[in-house]
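Chains, contacts and geometry: an overview
Below are the chains, spelled out letter by letter.
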Amino acid sequence: MLYIEILGNLPEMARDEVKAMLELGEGEIAGQDYLFLKVNATERAFPFLNRLGLAHEYGELLLEADSVDELLEKAKEVDWPIEGTFKVDTETMANCRHNVLDLPRKLGAIIHAQGFRVNLSRPDTLVRVYCGEKLYAGIRLHYFDPKDFEGRKAHHRPFFRPISLHPRISRALVNLTKAKRELLDPMMGAGGILIEAGLIGLKVYGVDIKPEMVEGARKNLLHYGVRDFELKLGDATRLEELFDKRFEAIATDPPYGTSATLAGRKREELYRAVLRSIYNVLKPGGRLAIAFPTNFDGKVEAEKLGFVTLGMYYQRVHKSLDRYFYVFEKGKR
Ligand SMILES: C[S@@+](CC[C@H](N)C(=O)[O-])C[C@H]1O[C@@H](n2cnc3c(N)ncnc32)[C@H](O)[C@@H]1O
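Figured I'd write up the structure that's included with this text. Quick caveat, the model's predicted, so the values are computed rather than measured. (Residues numbered from 1 in each chain as written. Predicted model: local features only at pLDDT ≥ 70, side-chain atom pairs only at ≥ 80, totals over all residues. Heavy atoms only, no water.)

**Points about the overall build of the protein chain**
Of the regular secondary structure elements, the protein chain holds 12 helices and 14 strands. Taking 2.2 N^0.38 as the reference for a compact globule, 333 residues should give roughly 20 Å; the C-alpha atoms of the protein chain span a radius of gyration of 22 Å, in line with that estimate. Expressed as lengths along the three principal axes of its C-alpha atoms, the size of the protein chain is roughly 70 × 40 × 40 Å. Taken over 333 residues, the protein chain has a buried fraction of 52%. For the protein chain, restricting intrachain contacts to residue pairs at least 6 apart in sequence, the fraction spanning at least 24 positions comes to 71%. With the model as given, the accessible surface of the protein chain reaches about 15,300 Å², and the carbon-plus-sulfur share is 48%. Side-chain charges in the protein chain split into 50 positive and 48 negative, and the spacing between the mean points of these groups amounts to 5 Å. (Helix = DSSP H or I, 4+ residues; strand = E, 2+ residues; numbered from the N terminus. Rg over C-alpha atoms; globule rule 2.2 N^0.38 Å. Buried < 20%, exposed > 50% of the residue type's maximum accessible area, 1.4 Å probe, protein only. Contact = heavy atoms within 4.5 Å. Areas by Shrake-Rupley, 256 points an atom, 1.4 Å probe, with all protein chains shown as cover. Lys, Arg positive; Asp, Glu negative; His and termini not counted. Charge placed at Lys NZ, Arg CZ, Asp CG, Glu CD.)

Here it is in structure tokens:
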């Protein structure tokens, strides 16, 4: 059994991102306690879990208990799979119902008694205890270092435009499409979504109506080592004319407001036309992840075209902007 700790700011989107990766890699979510997911998965899931954007870490779940005393009793029976030195680290979630103040010391003593050495500053193995409704203990296998994502934020890129999603969100959008081979962003801007897709090994296709964006996205992709891409200057409402192929997955973040980024069009008309064109170039069964401000009903508009809504996640960006991230699927007909 594995555990995955998801991020707290878009928890439903984070959970569905995990679900999508488990569907690709064989596995399922077996339970949830606030931001802690219990997961059944085989080895084949790891390459997909390593793609996650909205997760803190995952690991091997070794025990679960209803009280501190029960956890400590059970811990004596576990063969702790520790390599080198270890440290016990507690995560007290907002719904924690137990007093875990002394737990690291007591659990550490039990593991120490099995012959393992403690190193509090640089442990080789991290034993993680999560406190929520219940208590859980396991071994961390993978940590998603925030520095990796932070280093790809808009202002760190050679071509900078302040219109980019956070890289963690871009990564999650890519994952929610369940893309395995390729991804198109038909309004790519500076290429934030394409960078995240390229870094997990997808072939990426991008379109923007502005030449400086096409050139800028190209620079950014190369800067992060993404080489397998095809970028085009063109209109996202006429994708059928730009490509003679159909796509497995599409993710995009259309412009929200100013006339400059809308290239002179009325916003709602542009959104409807883009949705229609995306529908036409998506393969049957293919998925679209897309953001719209809340005053455009993306669900109704997409369903009119034949899309099925798989997910819808609210985010307040600032005082004058809140949006939904949507995941749509084109029927298999
Ligand atoms: C919000 S930005 C995308 C940001 C991008 N996700 C990133 O990470 O940099 C929207 C982009 O859509 C482009 N755009 C606007 N109308 C378009 C159209 N009809 N066809 C293609 N691109 C368009 C704008 O030039 C802008 O670069």
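Structure shown, so let's carry the discussion forward.
**Some thoughts on the packing of aromatic side chains**
By convention here, two paired aromatic rings are described through the distance between centres and the angle between planes. Applying the stated criterion across every chain yields a total of 18 aromatic pairs. Their ring planes at 90° and their centres at 4.8 Å tell us that Y279 and F307 sit as a pair that is edge-to-face. Of the two residues, Y279 sits in helix 11 (residues 267-281) while F307 sits in strand 13 (residues 307-318), which places them 28 residues apart along the sequence. Overall, Y279 belongs to the buried group, its relative accessible area being 13%. Over the ring of F243 we find K232, and its NZ or CZ is 4.8 Å from the ring centre. Positioned above the aromatic ring of F247 is the side chain of K245, whose terminal nitrogen or guanidinium carbon lies 4.5 Å from the ring centre. (Phe/Tyr/Trp six-rings, centres within 6.5 Å; stacked < 30°, edge-to-face > 60°. Lys NZ or Arg CZ within 6 Å of the ring centre and 35° of its normal.)

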